Amino acid sequence: MTATTSIHGMWSTRMAFILAATGSAVGLGNIWRFPYTAGEYGGGAFVLVYLICVAAIGIPIMMAEIMLGRRGRQSPINTMRLLATQEGRSPAWQLLGWMGIVAGFLILSFYSVVAGWTMAYVFRAAGGAFAGVDAETVSLMFGQFIADPEALLAWHSIFMVMSVAVVARGVANGLESSVRFMMPALFLLLVAMVGYAMTSGHFVEGATYLFRPDFSKLGTEGILSAMGQAFFSLSLGMGAIMVYGSYLNSRSSIATSVVIIAGTDTLVAILAGLAIFPLVFANDLAPQLGSGMVFKVLPIAFGQMPGGQFFGTLFFLLLVFAAWTSAISLLEPMVAWLVENRGFSRVRAAMLAGVAVWLLGIASLLSLNLWSDLTLFGLGFMDLCEFVAANVMLPLGGVLIAIFAGWMLARSSSIDELRLGDGVGYRLWWLLIRYVAPIAVAIVLLNAVGLLKLIGLG
Ligand code: PFF
């Protein structure tokens, strides 16, 4: 018999779980990463593939992660080991949990650096640094900022301390209220920014760029990146959502929660795109602005709009909160494991994990300046971490989760856990998790490494 509660605490209500999981999903991935990756791969076609991945791969895998977490009630590593044993499968399935820890480690190391940029921009906005600036000035400002390792280190350190502090207290305390108020505020502000973008005179151009597919610019790498973005944005494939699922009570419906979480996450990304791209065109910029995009585009708008100093400050502040609630979920799987297997207190576990991530983050921030010449496959350390974690490790973790949930777990177990009966909803999930998700992800991954071409199928 498995436990009905977790030793790490439980969400007080289903709403608390939905808020926390949405807090994990909505973050820099939606507002910082989605627009710049969409811009890199030509807009519409990228967005289309991303949306298909969210619906056909992301939603079923999120259901599977929550289901597995809730059945195991432990850190992803121990959950996978327990469930594999219960179902008479190899304990090697726990490796999935280990890969998730490594992915979380890599992601948080650069995520914290970018969250640091956001914090710095709160102060710039508040100090009126954007008043009347043009595109060239903000771009220069951003360039100078990331060229300064000391400033980046200071912000990265502050953000890591903030994240460790919450995880040390336990995610079920402390997270709920911040998500409950900050998220709707961020959402409203984004809607207001889309409204502002409508006045820019280039709204239609921006929206067309975002929604009219032009497959010529996508390519294999673009498809891989769109899929990776779906995993990254939904926090899937590394156990973050699994560990949150392990704190969910046994009665709550998983499917409804997932539709709410994934729907909100996707809507926020689209709103961010609709707020940013019109401004890109209004300022005669090219959509390929790279990872500095939000920091190079939005300040121009804040510098021009009435009340821009206030709205700019609020925007970057809310973005820091969104990043914070995501960072916490990146730390939680390792911390839960350290508590379970090493007998550490939460405080000690969070500090240890935090220091390790912090050290790795230093390599990321140095790759933007002092170490900018050190590249592998043409990518600096930070870009490499981002590429490998989002486009390779998360999808790989996702396939394994799909295979485990669809093929290793007895059908009766998933019917029992998902509580959808054996109706249309369950059968659709069953089809997606057994066939569509693993096959689609495998094709994209294999295609990306050129394996299909090698064996004459590509
Ligand atoms: N989903 C987060 C975002 O979009 O910013 C990032 C993230 C959090 C990725 C947790 C992966 C994860 F496990």
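Above this text you will find the structure in question.
Remember, predicted model here, so these are calculated numbers, not experimental data. (Residues numbered from 1 in each chain as written. Predicted model: local features only at pLDDT ≥ 70, side-chain atom pairs only at ≥ 80, totals over all residues. Heavy atoms only, no water.)

Enquirer: Account for the packing of helix α5 (residues 94-126) against helix α6 (residues 135-146), naming residues and giving values.
Expert: Relative to each other, α5 and α6 sit at 130°, their axes nearing to 12 Å. Taken together, the axis directions place α5 and α6 in an arrangement best described as oblique. At the point where α5 passes α6, the crossing takes the right-handed sense. Contact residues: Trp117, Ala120, Tyr121 and Arg124 in α5; Met141, Phe142, Phe145 and Ile146 in α6. (Axes fitted to C-alpha atoms, helices over the stretch in contact; angles between N-to-C directions. Helix = DSSP H or I, 4+ residues; strand = E, 2+ residues; numbered from the N terminus. Parallel < 35°, antiparallel > 145°, perpendicular 65-115°, else oblique. Left-handed = near helix turned anticlockwise from the far one by under 90°. Contact = heavy atoms within 4.5 Å.)

Enquirer: Before we move on, could you go through the site of the ligand and cite the residues and values that matter?
Expert: Looking at the ligand, there are 15 residues lining it, with Ala25, Gly29, Tyr111, Phe232 and Met238 nearest. With respect to the ligand, the backbone of Ser24 contributes an N or O atom lying 3.2 Å from a nitrogen atom. Leu28 is positioned with one of its backbone polar atoms (N or O) 3.1 Å from an oxygen atom of the ligand. Alone, the ligand offers 340 Å² of accessible surface; in the complex the protein occludes 100% of this. Elements with a minimum of two residues in the shell around the ligand: α1 (14-25), α2 (28-40), α10 (219-233) and α14 (308-342). (Near = heavy atom within 4 Å. Polar contact = N/O pair within 3.5 Å; in protein donor to acceptor, adjacent residues only side chain to side chain. Areas by Shrake-Rupley, 256 points an atom, 1.4 Å probe, with all protein chains shown as cover.)

Enquirer: Before we move on, could you go through the side chain of His8 and cite the residues and values that matter?
Expert: Looking at the element boundaries, His8 is found in the segment before α1. Taking the relative accessible area as the measure of exposure, His8 reaches 11% and is therefore buried. In terms of polar contacts, His8 uses its side chain to reach the side chain of Glu340, at 2.8 Å. If we ignore the near neighbours within four places in the chain, the residues touching His8 are Tyr247, Ala336, Val339, Glu340 and Arg346. (Buried < 20%, exposed > 50% of the residue type's maximum accessible area, 1.4 Å probe, protein only.)

Enquirer: Run through the pattern of salt bridges, naming residues and quoting values.
Expert: Under the criterion given, the structure shown has eight salt bridges. Residue Arg71 is joined to Asp416 by a salt bridge in which the shortest nitrogen-to-oxygen separation is 3.3 Å. Of this pair, Arg71 sits in helix α3 (residues 44-72) while Asp416 is found in helix α17 (residues 411-418), placing the two residues 345 residues apart along the sequence. Here Asp416 falls in the partly exposed class, since its relative accessible area comes to 40%. (Salt bridge = Lys/Arg side-chain N within 4 Å of Asp/Glu carboxyl O.)

Enquirer: Requested: an account of unusual backbone geometry, with residues and values cited.
Expert: Of note in this structure, Ser235 is not a glycine but carries a positive phi near 60°. Residue placement: Ser235 occurs in the loop between α10 and α11 (240-245).

Enquirer: So what's going on with the nonpolar core? Which residues, and what values?
Expert: Formed by 178 residues in total, the largest nonpolar core has its most connected members in Trp11, Trp117, Phe315 and Trp429. Top contributing element to this core by residue count: α5, with 18 residues. If sequence neighbours within four positions are ignored, Trp429 has contacts with Pro60, Met63, Ala64, Met67, Ala405, Ser414 and Leu418. (Core = buried A, V, L, I, M, F, W, Y, C linked by side-chain atoms within 4.5 Å.)

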